[in-house]
Structure formats: C-alpha cells, structure tokens
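A closer look at the structure
Now for the letters of each chain:
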Amino acid sequence: PGRSQGARQGPRRSPQRVRAEDQVDPKALARARDVVAASVPPEQQTKMMGAITEKFSLYVASANPGREVDVDQLVQTYFVPVLQAHFGELADISAKEFARDFSLAELDRLLAFYRSDLGRKLVNVQGKLDPQIMEQGPAITQRIVAEALQKMAPDIQKRGLVAPIP
C-alpha cells in the first residue's frame, strides 16, 4: 500500500524498494540544494549546459551531415528546453549526497560560508579554474600516460602484451 508499482512490462514485477541509503531527510535535502546553488557559479551551470547541448548536437549532426543549421534549430527548439527542465536533477546528485553526509547544522554552516564574502570569492575562483583545467588537463594526462607506458613497457613485453600507442 502506498507504493507505486510503476509501468508494467512483461511478467509482473515486484515493487521497487527504496534502499535505506537512498532515503534523504527532506529538510536536509532542501538545505543541501541551497548549498549546491550557493557553491556553483551560474556561469559554471551555463557552461555545463552548453557542453551537454554541444555533445547532443554533434550526436544528431553525425546522422545528418551537411544539415547543421537544421540540427541546431531542432536542438535549440527541443533539446535545450528539456535539458533546462531537468538540469536540476544533475544538481540533485550533489545535494542528495550532501544531505546524507552532513547534518542540518553542518549544512547551515556551509551555506553561511558560501554566502559570505570569502565563500563567494572561492566560488568565483573555482569558476575561473574550469577553463584552465579543460585547457591544461589533456596535456597533463598525455604526459602521465606516456610516463606510465614507458615504465610499464618492459613488463608489458615480458607478459607478451602489446602496448597501446600514446
């Protein structure tokens, strides 16, 4: 009683059970959502949405070569509003984890921090880091891969494995 059985497909399924670790105190979740909103700069949300939209656009365009204008119009008309409507679900990933891991008092302290001058400064600096990480990250990763492969090479050969080409 009181539990949704959801849409049925094929043989009868038992109702989905909510695991104890998935249950979140509604007050803590509301506060955690405030913490997430205060700790993520709006421009970072805009960048995330832009990156998701670009990937979806490239996905649709890959099936429609030479039709980029039509694809862009469709993506802007249909995909972007759906993404905007559901974007909060991405923020809720963090909010639910915060609600589980922090007490209400701790969430209040975090919120007070992020709303303070120092907290807002931290959020602004973090927003500046994203482009730097995106720019410098691939080169750093390539160096790590090259170094690891160089160190692994003798053991790779000894085991009869083939090393990938970096």
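Some thoughts on the side chain of Ser39
One can find Ser39 in helix H1 (residues 26-39). Given the relative accessible area of 13%, Ser39 is considered buried. When neighbours within four sequence positions are excluded, Ser39 is seen to be in contact with Tyr114, Val123 and Gln126.

Observations regarding helix H5 (residues 117-158)
In a regular helix each residue adds 1.5 Å, so 42 residues correspond to 62 Å; H5 covers 58 Å between its end C-alpha atoms and thus fits that length. Considering bend angle alone, the principal kink of H5 is centred on Met152 and spans about 50°; proline Pro154 follows within four residues of it. For H5, the full list of buried residues reads Gly119, Val123, Gly127, Leu149 and Ile156. In this structure, the buried side of H5 is in contact with H1, helix H2 (42-62) and helix H4 (104-115). One or two residues past the end of H5 sits Gly160, with phi positive at roughly 75°.

Some details on the environment of Met152
Relative to the helices and strands, Met152 resides in helix H5. Look at Met152 and you get partly exposed, because its relative accessible area is 41%. Taking C-alpha positions, Met152 is 8.5 Å from Ala163, a pair spaced 11 residues apart along the chain.

Details of the packing of H1 against helix H3 (residues 68-101)
The contact between H1 and H3 brings their axes to 8 Å, and the two run at 125°. One finds that H1 runs oblique with respect to H3. For the crossing formed where H1 meets H3, the hand is right-handed. Only Ala91, Asp92, Ser94, Ala95, Lys96, Phe98 and Ala99 of H3 make contact with H1, whose side of the interface consists of Ala28, Leu29, Ala32, Arg33, Val35 and Val36. Counted by class, the contact of H1 with H3 contains 9 nonpolar, 1 polar and 3 charged residues.

A few points about the environment of Arg33
Within the secondary structure, Arg33 sits in helix H1. Residue contacts for Arg33: discarding those within four places in its chain leaves Asp92 and Ala95. A distance of 2.7 Å separates the side chain of Arg33 from the side chain of Asp92, its partner in a polar contact.

Observations concerning the nonpolar core
In globular proteins that are soluble, nonpolar side chains generally tend to be buried together. In terms of nonpolar packing, the biggest core is built from 12 residues, these being Ala28, Leu29, Ala32, Val35, Val36, Val40, Ala95, Ala99, Leu107, Leu111, Tyr114 and Val123. Secondary-structure elements contributing two or more residues to this core are H1, H3 and H4. In contact with Ala32, not counting residues within four places along its chain, are Ala95, Phe98, Ala99 and Leu107.

Description of the pattern of salt bridges
All told, the structure shown has 7 salt bridges when counted by the stated rule. The salt bridge involving Arg31 is made with Asp108; its shortest N-O contact spans 2.4 Å. Placement of the pair is Arg31 in helix H1 and Asp108 in helix H4, with a sequence separation of 77 residues. Taking the shortest distance from any N to any O, the salt bridge between Arg120 and Asp117 comes out at 2.5 Å. One end of the pair, Arg120, and the other, Asp117, are both in helix H5, 3 residues apart, so they sit about a helical turn from each other. The partly exposed category is assigned to Arg120, whose relative accessible area is 42%. On the basis of relative accessibility, which here comes to 61%, the residue Asp117 falls in the exposed class.

Conventions we followed
- Residues numbered from 1 in each chain as written.
- Predicted model: local features only at pLDDT ≥ 70, side-chain atom pairs only at ≥ 80, totals over all residues.
- Heavy atoms only, no water.
- Helix = DSSP H or I, 4+ residues; strand = E, 2+ residues; numbered from the N terminus.
- Buried < 20%, exposed > 50% of the residue type's maximum accessible area, 1.4 Å probe, protein only.
- Contact = heavy atoms within 4.5 Å.
- Expected span 1.5 Å × (residues − 1).
- Bend = angle between axes of the 7 residues up to and from the residue.
- Axes fitted to C-alpha atoms, helices over the stretch in contact; angles between N-to-C directions.
- Parallel < 35°, antiparallel > 145°, perpendicular 65-115°, else oblique.
- Left-handed = near helix turned anticlockwise from the far one by under 90°.
- Nonpolar A, V, L, I, M, F, W, Y, C, P; charged D, E, K, R; others polar.
- Polar contact = N/O pair within 3.5 Å; in protein donor to acceptor, adjacent residues only side chain to side chain.
- Core = buried A, V, L, I, M, F, W, Y, C linked by side-chain atoms within 4.5 Å.
- Salt bridge = Lys/Arg side-chain N within 4 Å of Asp/Glu carboxyl O.

Such coordinate-based values are descriptive only and should not be taken to indicate function.
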